[in-house]
Amino acid sequence: MTRNRIVRNILISRQPKDEYVKYVMKCVSQSLKESHGPVATRATRQGDDIQTRWQFDDRVVEVTLKSDVLASLDTEPFALDEVFIRALQLNDDEMERVVE
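Residues numbered from 1 in each chain as written. Predicted model: local features only at pLDDT ≥ 70, side-chain atom pairs only at ≥ 80, totals over all residues. Heavy atoms only, no water.

K.L.:
What is the right way to read the overall build of the protein chain from this model?
P.N.:
Each helix and strand in the protein chain was counted, giving four helices and three strands. Helices (α) and strands (β) of the protein chain occur, in sequence order from the N terminus, as α-α-β-β-β-α-α. Counting across all 100 residues of the protein chain, residues that qualify as buried make up 36%. Across the protein chain, contacts joining residues at least 24 apart in sequence account for 48% of those joining residues at least 6 apart. Carbon and sulfur atoms make up 45% of the accessible area of the protein chain, which totals about 6,000 Å². (Helix = DSSP H or I, 4+ residues; strand = E, 2+ residues; numbered from the N terminus. Buried < 20%, exposed > 50% of the residue type's maximum accessible area, 1.4 Å probe, protein only. Contact = heavy atoms within 4.5 Å. Areas by Shrake-Rupley, 256 points an atom, 1.4 Å probe, with all protein chains shown as cover.)

In structure tokens:
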């Protein structure tokens, strides 16, 4: 996962929000892959929001990113990682031991 603030700031400033969301989903899913196996992800725009879907094993977790969260990415490039990690932790007790 890219933990470099400068790199993240460049990515968020040059990519559409949809693409940045997909990038962060890929980073988070790669860290989950080691302990949970393959993780299928999908992100779709719904108006001003982005609906994300995470599937591993027989579990599905959906996270809706509201426009205010997406707007905060310009100043907090790692905020999205935290949103996903918290949502996944709430839906899986084992997740707490895996995600940074």
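From this point, things continue past the structure.
K.L.:
How do you make sense of the pairing of strand β1 (residues 40–46) when you look at a structure like this?
P.N.:
Note on strand geometry: in a regular strand, side chains alternate between the two faces of the sheet. By the bridge criterion, seven bridges tie β1 to strand β2 (residues 49–56) in an arrangement that is antiparallel. Bridge pairing in β2 links Ala40 to Gln55. (Pairing = 2+ DSSP bridges.)

K.L.:
Where do I start with the pairing of strand β3 (residues 59–65) in this structure?
P.N.:
With seven bridges joining them, β2 and β3 adopt antiparallel strand pairing. Residue pairing across strands places Gln51 opposite Thr64, the latter belonging to β3.

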